[in-house]
Amino acid sequence: MPESSIIRFLSVMAVMLVVGFGWFQIGLARLKKQGVDESAARTQAKQEAKKYSIIAAFLYMVAMVSVAGLFL
Amino acid sequence: MKMMYGMLMALTPAALWSIYVFGPQALVRILAGVVAAVAAEAVFQKLTRQKITVKDGSAAVTGLLLGMAVSISTPWYAVSVSAAFGIIAGKQLLGGFGKNLFNPAMFGRLFYLFVFPDSILPWRQPFDLATAATPLEVLRETGEAAGVPILEMFLGLIPGTIGEVSSLLLLIGFSFLVYRKFVRWRIPAAAFSVVLVLALVAGHNPLFYFFAGSLVVGACFMATDPMTSPKFPKGQLIFGAGVGLIIMLMRWYGWQTPGVYEFTEGTTFAVLTMNLFVPFLNRKFKPAPKR
């Protein structure tokens, strides 16, 4: 696999991880504030984090493909 | 489950045709997609201690669609990695079949476009595998939709991705799905209607736009995924119209990266963008309960 492909692959993973972990912390804090039980809040925040990390990956890839001339 | 096997059957004629016109290299790419998608689903479910559901056929459909959505010039490992990514990130992370936000095959294809852009080109001519431009590239370069015989496009004698070459066989497969009531026919009907109107407004032959790129495979097989398309008729019409509109805008004004790749087709972006609106369309157009 070409090096540039590996870098792009890792960059998508990084975006997903950063958004996922970030959203998990934000979502968990928000749900706790709303008085949701700890374990239920964790489950819900985890699900939301996965969803938004996938949306972030979609937006990131579309943005990068659309400005591919700058990125590649 | 029946629907997924129906989908595999419906795609088989077009897949066999592509193997016939492009040779064994097409088979290698299709198998790379199917094997990687099924294996990725099985391994992920095993590692996360879920029930292994590869027998439902949905992963095989994803792999087949992705294998058919790449060019013959693409290395097999690019197809495999993209299929595995589509299955894991596009489907399994959110809980698997029925819980996914995006069509996994299209999500895998976006990943392929992003990670392996330099492996897309060159497009190859059927049979002799000579380097050739697709009809949509010809349109972009010349500004005219003429030049490529419509019948050749319809029968599948044009360069393009492995699975998009034969509109005829794809439509036969889609007719089977409609006959068995496996797909939401309103989605492709709306997409084709929008393409027809826009082509007529532009003064071009609509048949060119129907058969030139991946509209048929995208609108009939990818946009109709029951898990990532709207449940209700009005929502389906808007979803399909959105797919048709984005495809046409991409064909006319798609991104251009000189020397790298020129986006003359937008099925991937159209389907994935409209997937984002599905929860909204399902809420907005939910029929009122009968009294």
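Given the structure is predicted, the values throughout are model-derived calculations rather than measurements. (Residues numbered from 1 in each chain as written. Chains lettered and ligands numbered in written order. Predicted model: local features only at pLDDT ≥ 70, side-chain atom pairs only at ≥ 80, totals over all residues.)

Trainee: A description of the overall build of chain A should follow, citing residues and the corresponding values.
Mentor: Looking only at helices and strands, one finds three helices and zero strands in chain A. Secondary structure of chain A in N-to-C order comes out as α-α-α. Here the C-alpha radius of gyration of chain A, 16 Å, is well above what a compact globule of 72 residues would show, namely 11 Å. C-alpha atoms of chain A, sized along the principal axes, occupy 50 × 20 × 10 Å. In chain A, which comprises 72 residues, the share counted as buried stands at 22%. Sequence separation of 24 or more characterises 62% of the internal contacts of chain A that already satisfy a separation of 6 or more. (Helix = DSSP H or I, 4+ residues; strand = E, 2+ residues; numbered from the N terminus. Rg over C-alpha atoms; globule rule 2.2 N^0.38 Å. Buried ≥ 20, exposed ≤ 12 C-beta atoms within 10 Å, placed from the backbone. Contact = placed C-beta atoms within 7 Å.)

Trainee: I'd like to hear about the interface of chain A and chain B, residue by residue, with values.
Mentor: Across the contact, 17 residues belong to chain A and 18 residues belong to chain B. For the side of chain A that touches chain B, the elements supplying multiple residues, two or more each, are α1 (3-33), α2 (38-66) and α3 (68-71) of chain A. Tallying contributions element by element places α2 of chain A first for the side of chain A that touches chain B, with 10 residues. Taken together, the residues that form the side of chain A that touches chain B break down as 11 nonpolar, three polar and three charged. (Nonpolar A, V, L, I, M, F, W, Y, C, P; charged D, E, K, R; others polar.)

Trainee: Explain the nonpolar core to me, using residue names and the numbers behind them.
Mentor: Inside soluble globular proteins, nonpolar side chains tend to come together where they are buried. Within the largest apolar cluster, 108 residues are counted, with the highest numbers of intra-cluster contacts made by A37, A191 and V243 of chain B. Setting aside residues no more than four positions away along its own chain, V243 of chain B makes contact with A191, A219, A223, A270, V271 and M274 of chain B. (Core = buried A, V, L, I, M, F, W, Y, C linked by C-beta atoms within 7 Å.)

Trainee: Provide a residue-level description of the environment of V183 of chain B, including the pertinent values.
Mentor: Residues and elements named next belong to chain B. Of note, V183 is situated in the loop between α8 (167-179) and α9 (186-202). Taking the C-alpha atoms as reference points, V183 and M7, 176 residues apart in sequence, are found 9.1 Å from one another. Residues within four places of V183 in sequence aside, it is in contact with L177, V178 and T224.

Trainee: Provide a residue-level description of unusual backbone geometry, including the pertinent values.
Mentor: Residue and element names in this part refer to chain B. One non-glycine residue, R49, adopts positive backbone phi at about 55 degrees. Summarising the element assignment, R49 is placed in the loop between α2 (24-47) and α3 (58-68). With 6 C-beta atoms counted inside 10 Å, the residue R49 sits in the exposed group. Phi angles above zero are rare outside glycine, and K181 is one such case at about 60 degrees.

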